[in-house]
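Here is what each chain is made of, one letter per residue.
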Amino acid sequence: MAIRGSCLCGAVTFKLHTPTKFFSHCHCETCRRAHGAAFVSWTGVPDDCFEWLTGAEQLTGYRSSEHATRSFCSRCGTHVRYVSTDWPGTVYVPVATLSDPMDRDPEDHIHAGEAVSWCSLNDELPRYLGFGEDD
Ligand SMILES: [Zn+2]
Ligand SMILES: [Zn+2]
């Protein structure tokens with residue numbers, strides 16, 4: 001199965017081959033600023049399960065840390081992909097850019113210690129201070 005996604009202007013389109021690896025809401029400050037949002041919902045797939053369909057030449061990258069690059073459409077600014085040498089082999093994609101339904105439900109809140117005070121979360125999902133159970 002495949003899940004398609006695109007940027008706001010439609011120039012950049014891509015496809016994920018399922019199964020995805022996770023579905024997490026990230027509250028870290030970097031994600032919040034990069035998206036101008038209270039939190040960012042992420043999924044990820046192995047490198048070879050991510051495919052650009054159109055508009056790859058429109059992409060611009062921003063190194064948000066020594067290890068991470070965030071790719072966005074240079075025309076409309078939509079952030080469509082995150083990769084990090086800290087997590088080699090995985091491509092991260094904002095779920096909000098996907099056009100097809102996800103193959104799983106949201107699983108947890110990560111970096112919940114950085115969550116803003118002005119957005120209340122009413123779900124029962126686990127909340128981790130870091131990336132998950134291990135930290
Ligand atoms: Zn665009
Ligand atoms: Zn984050």
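Structure's up top.
1. As for the coordination of the zinc ion (ligand 1)
At the metal site, the zinc ion (ligand 1) is ligated by C7 (SG), C9 (SG), C73 (SG) and C76 (SG), and these contacts range over 2.3 to 2.4 Å. Bound by 4 donor atoms, the zinc ion (ligand 1) shows angles of 104 to 114 degrees at the metal and therefore tetrahedral coordination geometry. Sequence spacing among the residues donating to the zinc ion (ligand 1) works out to C-x1-C-x63-C-x2-C. Of this pair, C7 sits in the loop between β1 (2-6) and β2 (13-17) while C76 sits in the loop between β7 (68-73) and β8 (79-84), and the two are 69 residues apart along the sequence. Relative accessible area serves as the criterion here: at 26%, C76 is assigned to the partly exposed category.

2. Here we look at the environment of S41
Tracing the sequence through the fold places S41 in strand β4 (residues 40-46). By relative accessible area, S41 is classed as buried at 19%. When the C-alpha atoms of S41 and D103 are compared, they prove to be 14 Å apart, with 62 residues separating the residues in sequence. In this structure, S41 is in contact with F23, S24, H25, V93, P94 and V95, ignoring residues within four places of it in sequence.

3. Examining the coordination of the zinc ion (ligand 2)
Protein coordination at the zinc ion (ligand 2): the donors are C26 (SG), C28 (SG) and C31 (SG), at 2.2 to 2.3 Å from the metal. The motif formed by the donor residues of the zinc ion (ligand 2), counted along the single chain, is C-x1-C-x2-C. Taking the relative accessible area as the measure of exposure, C26 reaches 4% and is therefore buried.

4. Notes on the side chain of S84
Summarising the element assignment, S84 is placed in strand β8. The exposure class of S84 is buried, given its relative accessible area of 6%. Polar contacts involving the side chain of S84 include one to the main-chain amide nitrogen of D86, which spans 3.0 Å. Contact partners of S84, with chain neighbours within four places excluded, come to H67 and A68.

5. With respect to the sheet that holds β1
Consider a sheet: its strands pair through backbone hydrogen bonds, and that pairing is either parallel or antiparallel. A sheet is described by the order of its strands in space; here 3 strands give the open sequence β1-β2-β5, paired in antiparallel fashion. Pairing within the sheet leaves two strands with one partner each, and these edge strands are β1 and β5 (50-54). Sheet twist, expressed as the average angle between the axes of neighbouring strands with direction ignored, equals 25 degrees. Of the strand pairs in this sheet, β1 and β2 are connected by 5 bridges, and their pairing is antiparallel.

Procedures and definitions
Residues numbered from 1 in each chain as written. Chains lettered and ligands numbered in written order. Predicted model: local features only at pLDDT ≥ 70, side-chain atom pairs only at ≥ 80, totals over all residues. Heavy atoms only, no water. Donors = N, O, S within 2.8 Å, 3.2 Å for Na, K, Ca; no water. Tetrahedral: all angles 85-135°; square planar, octahedral: opposite > 155°, others 65-115°. Helix = DSSP H or I, 4+ residues; strand = E, 2+ residues; numbered from the N terminus. Buried < 20%, exposed > 50% of the residue type's maximum accessible area, 1.4 Å probe, protein only. Contact = heavy atoms within 4.5 Å. Polar contact = N/O pair within 3.5 Å; in protein donor to acceptor, adjacent residues only side chain to side chain. Pairing = 2+ DSSP bridges. Axes fitted to C-alpha atoms, helices over the stretch in contact; angles between N-to-C directions.

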